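# A structural walkthrough
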Amino acid sequence: MLLSEMKEGEKGVIIRVAGNGALRRRILEMGITKGTTIYVEKYAPLKDPVELIVKGFHISLRVEEAAQITVDKSQQ
Amino acid sequence: MSGKKIITIALAGNPNSGKTTIFNNITGTRQKVGNWPGVTVEKKEGLIQKFGYDLKIVDLPGTYSLTPFSIEEIVARDFVLEESPDVVIDIIDSSNLERSLYLATQFREIDSKVLFALNMADVARSHGTKIDAEKLSTLLDVPVVFTVGNKNEGIDNLLQEAIKLAESAPDEKEKRNVKYSREIEKAILTLQELIEEKAGNTIHYNSRWTAIKILENDKIVKERFIGKAGKAGEEILDEVQALRKNLLMHYDEDPEIVMTDDRYGFIAGIIKEVQTTSAKERIDISRNIDLVLTNRFIGFPIFIFFIWAMFQLTFSLGAYPTEWIEGGVAHLSSVLSGSLNETLFKDLLVNGIIAGVGSVIVFLPNILILFFCIALFEDTGYMARAAFLMDKIMHLIGLHGKSFIPMLMGFGCNVPAIMAARTLESEKDRILTILITPFMSCSAKIPVYIVLAGTFFAAKAGNVIFAVYLAGIILSILSGRLFRLTLLKGVDAPFVMELPPYRVPMIKSLLIHMWDRSKMFLKKMGGIILIGSVIVWTLSAFPRNIEYSADYSARMDRINESFNIKIAAAGEEAKEILRKERIAAIGIIQNEMNSERSEKTYMGRIGKFISPFFEPLGIDWRGSVALLTGFFAKEIVVSTLGVLYSVEEPDDGEALKKALLSSGMTPLSALSMMVFVLLYLPCLATIAVIRKETGSFKWTAFSIIYSTSVAWIAAFCVFQGGKLLGY
């Protein structure tokens, strides 16, 4: 499923990061790479952006950016 | 004094790694803050003497990587490539070792002498993370030092190691670097050989690094490579196209994506060997704080409270020292007025320089307080949360969440507001924010609204002023969208933003932060304002000999005489009243004279000359002159109107009201003028700041022309539209 569809408190493993050049590269460089476990900490009060925990630090992405990331929830 | 050469040490690291704290600890107050050439990224350096060496410490912008996607990264990379610092100290946040190593491996690839500072290991340890520094050092063949920046621990050791490394002979042996996937390594090797063979003596960068970057399709490196290697370079780049195509076929991914994965893979291997994380679920204070501060229900109310508090502190608390400074300036000018002879020089000094510079220096308390608050937001980590909360709303205008603060501050004063745009990382966002912030109606415009709305809209004045404010907000949103679609096109900067753990700010670092920015304001503003004040003064003080239409001094003499006679004849009590009447009567003539004088000075002539420009807006020549002087500072519009309408006491609202009502101005033309004041070119101080912060005359000129055009069109629509509707 897409990361943007996940609810608060859910966890999953990243399968794929899509999207255009700069944004995708930036996401990957921050450590959101294939095989990484990602935890949805919370959505902002206006439902966008979303706060995630990856590799032990907190990062926020806009929902449209999170929609570029495919996650497998069953694998943990 | 050693007399040896200066050792240059660059401090690199992720944002929030504690880099600035370490820089402050090393250099203390011996800092020089400027901009990196050609860009608006802050450059900090400090020269110190330690252990018998002269050390030049350069604080590189905080970055996560060295790709050429942001100015900060380009600046950091170029410094290491072109200025070849003797040592690069990479400051690593120990709680974030994995991500920090991503940047670190890239510095290794450039082949500069790198030293790791494992910072805040105490925090990491309390979270259950232990790092085996010795192992890390052997694995990567890099000296590693533990530091605790906020407690000033390990700094001396760090500098000693840096000196040792700088003085060591260049290391020839193969270092352990990232090993990429097989096909990529093959391509790198092919390319490396090609470069060494065909262009080996033209490039001074490490050839493996050059090969990697070209393979990653790095625009800047490619351009420079062609620039230096010429024809051979172009041939090689053709070869690269073929290599990239093959790799794309092989991996079904762009090579740079595979390489990013490979780097993290390499890092994961190191992490496994050097880092142990105990299984206990850590208690994270930061997460608990965020349960409250970014809470779905109370997150916004708390945010609004903080902003309100910042506003109150900046403008209400700031009002006291502002008053003292105003008092001081007034005192200085009255002392000088009294002690100097009536000369042109005195006029220039008192009415030009002191009045002009004085009108700007009064912003200093506001700026100091505002920057203290912003530094507090930034250093505690709250700024990122504010952006997190506001991003949805700001994104609608095509802006980043952080643009909110400067735009809001615009309601107070545009000078600190535009300076606050510095917190935005993307240059496009920064310029966009700077361009639309002046539409936020600043507090200096309030007196103008009060006089005009109060005079012509009486009971409805409040609503009218509110509507004017609203118009400013709407126009800023529309302009923002327009610029995003045209001039500052391109995708919004991705929002990918770290939410760093909350930290207790260090007072020293807050003060340094605040003072750095304020100092810049004083220095640069001082120069531009000084020149501007002299120009405005010259225009309104010349020509000196004005031919008046009436003999004012004779009239004053006559009044004096007739009063003298009356006073002599009157009783004690009546005398006092008569004296007051005399002062009032002379005041009226004095004002008439001043009014004619200002009409005939160059400023007045320019006002008359440009009044056709304002005619379609329902603004007469007096309004034109007032608006012109408003360029100096918006408050002046009211006092100029006072002078031009020959009001006895230019600052007295009631008298000016009467004069305005009898001047032929209508509610409609008053509204038109208010709209124009709301939108037209920013005041001199703001323009100076725009110039400083955009670093470009072009954007400054654009801002002036754009805002004035919008102002004219909007006022035109109000006035002509209103006339059509029969008002």
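What counts as what
Residues numbered from 1 in each chain as written. Chains lettered and ligands numbered in written order. Predicted model: local features only at pLDDT ≥ 70, side-chain atom pairs only at ≥ 80, totals over all residues. Heavy atoms only, no water. Helix = DSSP H or I, 4+ residues; strand = E, 2+ residues; numbered from the N terminus. Rg over C-alpha atoms; globule rule 2.2 N^0.38 Å. Buried < 20%, exposed > 50% of the residue type's maximum accessible area, 1.4 Å probe, protein only. Contact = heavy atoms within 4.5 Å. pLDDT = per-residue confidence, 0-100. Buried area = accessible area lost by both parts, 1.4 Å probe. Salt bridge = Lys/Arg side-chain N within 4 Å of Asp/Glu carboxyl O. Polar contact = N/O pair within 3.5 Å; in protein donor to acceptor, adjacent residues only side chain to side chain. Pairing = 2+ DSSP bridges. Core = buried A, V, L, I, M, F, W, Y, C linked by side-chain atoms within 4.5 Å. Phe/Tyr/Trp six-rings, centres within 6.5 Å; stacked < 30°, edge-to-face > 60°. Domains from an automatic or database assignment. Axes fitted to C-alpha atoms, helices over the stretch in contact; angles between N-to-C directions. Parallel < 35°, antiparallel > 145°, perpendicular 65-115°, else oblique. Left-handed = near helix turned anticlockwise from the far one by under 90°. Nonpolar A, V, L, I, M, F, W, Y, C, P; charged D, E, K, R; others polar. Patch = residues over 30% accessible without salt bridge, like charges linked within 9 Å, V, L, I, M, F, W, Y side chains within 5 Å. Areas by Shrake-Rupley, 256 points an atom, 1.4 Å probe, with all protein chains shown as cover.

### Regarding the overall build of chain A
When you go through chain A residue by residue, the secondary structure sums to 2 helices and 5 strands. For chain A, the N- to C-terminal ordering of α and β elements is β-α-β-β-β-α-β. In terms of overall dimensions, chain A is globule-like: its C-alpha atoms have a radius of gyration of 11 Å, near the 11 Å expected for 76 residues. Oriented by its inertia axes, the alpha-carbon framework of chain A measures out at about 30 × 25 × 20 Å. Counting every position in chain A, which comprises 76 residues, the buried fraction comes to 59%. In chain A, once contacts between residues fewer than 6 apart in sequence are set aside, the share between residues at least 24 apart is 58%.

### Remarks on the confidence of the model for chain A
Low-pLDDT portions of the prediction should not be read for the details of their coordinates. Of the residues in chain A, 97% reach a pLDDT of 70 or more, and the chain-wide mean stands at 89. Of all secondary-structure elements in chain A, the lowest mean pLDDT belongs to helix α1 (residues 21-29) of chain A, at 83, while strand β5 (residues 69-72) of chain A reaches the highest, 94.

### Side note on the interface of chain A and chain B
Each side of the interface is counted separately: chain A has 36 residues, and chain B has 42 residues. Summing both sides of the interface, chain A and chain B together bury roughly 3,600 Å²; the carbon and sulfur share of this comes to 56%. Scanning the region where chain A abuts chain B turns up 7 salt bridges. Note that Glu-73 of chain B is salt-bridged to Arg-26 of chain A, the shortest N-O span being 2.7 Å.

### Concerning the environment of Arg-605 of chain B
Residues and elements named next belong to chain B. Its place among the elements puts Arg-605 in helix α25 (residues 602-614). Looking at Arg-605, the relative accessible area reads 44%, which means it is partly exposed. Between the alpha carbons of Arg-605 and Lys-228 there is a distance of 58 Å; along the sequence they are 377 residues apart. With sequence-adjacent residues up to four places away left out, Arg-605 is seen in contact with Pro-543, Glu-599 and Lys-600. Of note is the side chain of Arg-605, whose polar atom sits 3.0 Å from the backbone oxygen of Lys-600.

### Regarding the sheet that holds strand β1 (residues 11-17) of chain A
Pairing in this open sheet of 6 strands is antiparallel, and the strands run β5(A)-β1(A)-β2(A)-β3(A)-β4(A)-β10(B) from one edge to the other. Each having just a single partner strand, β5 of chain A together with β10 (497-498) of chain B make up the two edges of the open sheet. Both strand β3 (residues 50-54) of chain A and strand β4 (residues 57-61) of chain A contribute to a ladder of 5 bridges, which runs antiparallel. When the sheet's bridge partners are listed, Val-54 of chain A is paired in β4 of chain A with Phe-57 of chain A.

### Details of the nonpolar core
Residue and element names in this part refer to chain B. By size, the foremost hydrophobic cluster in this structure holds 93 residues, and its most contacted members are Phe-303, Met-310, Leu-452 and Met-673. Counting residues per element, this core draws most heavily on helix α29 (residues 667-679), at 8 residues. Residues contacting Met-310, with those up to four places away along its chain left out, are Leu-370, Cys-373, Ile-374, Phe-377, Ile-405 and Met-409. In this structure, Ala-76, Leu-81, Tyr-205 and Ile-271 belong to the second largest nonpolar core, which totals 60 residues.

### A short note on the environment of Asp-156 of chain B
All names here are of chain B. Mapping Asp-156 onto the fold places it in helix α6 (residues 155-167). Residue classification places Asp-156 among the partly exposed residues on the basis of a relative accessible area of 40%. Sequence separation between Asp-156 and Thr-21 is 135 residues, and the spatial gap between their C-alpha atoms is 14 Å.

### Things to note about unusual backbone geometry
Note on backbone geometry: most residues besides glycine have negative phi, and most peptide bonds are trans. The step from Asp-48 of chain A to Pro-49 of chain A runs through a cis peptide bond, and the omega angle for that step is -5°. Not every positive phi belongs to a glycine, and Phe-51 of chain B is a case in point at roughly 50°. Tracing the chain through its elements places Phe-51 of chain B in the loop between β3 (42-50) and β4 (53-59). Under the relative-accessibility criterion, Phe-51 of chain B is labelled partly exposed at 38%. Notably, Asp-252 of chain B is not glycine yet its phi reads approximately 60°, a positive angle. Looking at the element boundaries, Asp-252 of chain B is found in the loop between α9 (219-251) and α10 (255-274). Asp-252 of chain B gets classed as exposed once you look at its relative accessible area, which sits at 66%.

### Some words on the packing of aromatic side chains
Residues and elements named next belong to chain B. Inspection of every chain in the model, using the stated rule, returns 21 aromatic pairs over all chains. With 5.5 Å between their ring centres and 85° between their planes, Tyr-548 and Tyr-552 make a pair best called edge-to-face. The class for Tyr-548 is partly exposed, based on a relative accessible area of 26%. With a relative accessible area of 6%, Tyr-552 lands in the buried category. Summarising the aromatic geometry, the rings of Phe-613 and Phe-614 are spaced 5.0 Å apart at their centres and angled 85° between planes, so their arrangement reads as edge-to-face. Put simply, the rings of Phe-613, Phe-614, Phe-676, Tyr-680, Trp-712 and Phe-716 pair up and form one aromatic cluster.

### Side note on the domain arrangement of chain B
Residue and element names in this part refer to chain B. Here the domain parsing of chain B yields domain 1 (6-167) and domain 2 (182-277). Facing 25 residues of domain 1, the contacting portion of domain 2 comprises 22 residues. Here domain 1 meets domain 2 over a buried area of about 2,300 Å², counting both sides, of which 59% is carbon and sulfur. Of all residues in domain 1, the largest losses of buried area upon contact with domain 2 belong to Glu-98, Tyr-102 and Glu-109, amounting jointly to 26% of the total for that side.

### Remarks on the packing of helix α8 (residues 207-215) of chain B against α9 of chain B
Residue and element names in this part refer to chain B. Where α8 contacts α9, the axes come no closer than 9 Å and their chain directions differ by 60°. When the axes of α8 and α9 are compared, the pair comes out oblique. In this structure, the crossing between α8 and α9 has a hand that is right-handed. Along the contact surface, α8 presents Trp-209, Thr-210, Lys-213, Ile-214 and Leu-215, while α9 presents Val-221, Lys-222, Phe-225, Leu-237, Val-240, Leu-243, Arg-244 and Leu-247. Residues of the contact of α8 with α9, tallied by class, amount to 9 nonpolar, 1 polar and 3 charged.

### Things to note about the environment of Ile-89 of chain B
Summarising the element assignment, Ile-89 of chain B is placed in strand β5 (residues 87-93). On a C-alpha basis, the gap between Ile-89 of chain B and Glu-599 of chain B in space is 64 Å, while along the polypeptide they are 510 residues apart.

### Things to note about the side chain of Ser-703 of chain B
Mapping Ser-703 of chain B onto the fold places it in helix α31 (residues 697-724). Each residue touching Ser-703 of chain B, except ones within four places of it in the same chain, is listed here: Leu-435, Pro-682 and Ile-690 of chain B.

### Brief notes about the confidence of the model for chain B
Residues and elements named next belong to chain B. Scored by pLDDT, chain B comes out at a mean of 85, with 94% of its residues at no less than 70. The element-level mean pLDDT for chain B is lowest in strand β2 (residues 31-35), coming to 73, with α31 highest at 95. Among the scores for the predicted complex, ipTM is 0.95 and pTM is 0.81.

### Notes on the pattern of salt bridges
According to the stated counting rule, one finds 32 salt bridges over all chains in the structure shown. As a salt-bridge pair, Arg-263 of chain B and Glu-216 of chain B come within 3.0 Å of each other at their nearest N and O atoms. Of this pair, Arg-263 of chain B sits in helix α10 while Glu-216 of chain B sits in the loop between α8 and α9, and the two are 47 residues apart along the sequence. Just as Arg-263 of chain B is buried, Glu-216 of chain B falls in that class too. Close ionic contact of Lys-600 of chain B with Glu-596 of chain B constitutes a salt bridge, the shortest N to O distance being 2.7 Å. One end of the pair is Lys-600 of chain B and the other is Glu-596 of chain B, both in helix α24 (residues 572-600) and 4 residues apart, which spans about a single turn. Taken together, the shared-partner salt bridges in this structure form one network comprising Arg-25, Arg-26 and Glu-29 of chain A together with Glu-73, Glu-109, Lys-213, Glu-216 and Arg-263 of chain B.

### Points about a nonpolar patch on the surface
On the surface, a cluster of nonpolar side chains totalling about 410 Å² of accessible area is made up of Leu-291, Val-292, Phe-297 and Ile-298 of chain B. Examined against the element boundaries, Leu-291 of chain B turns out to sit in helix α11 (residues 285-293).

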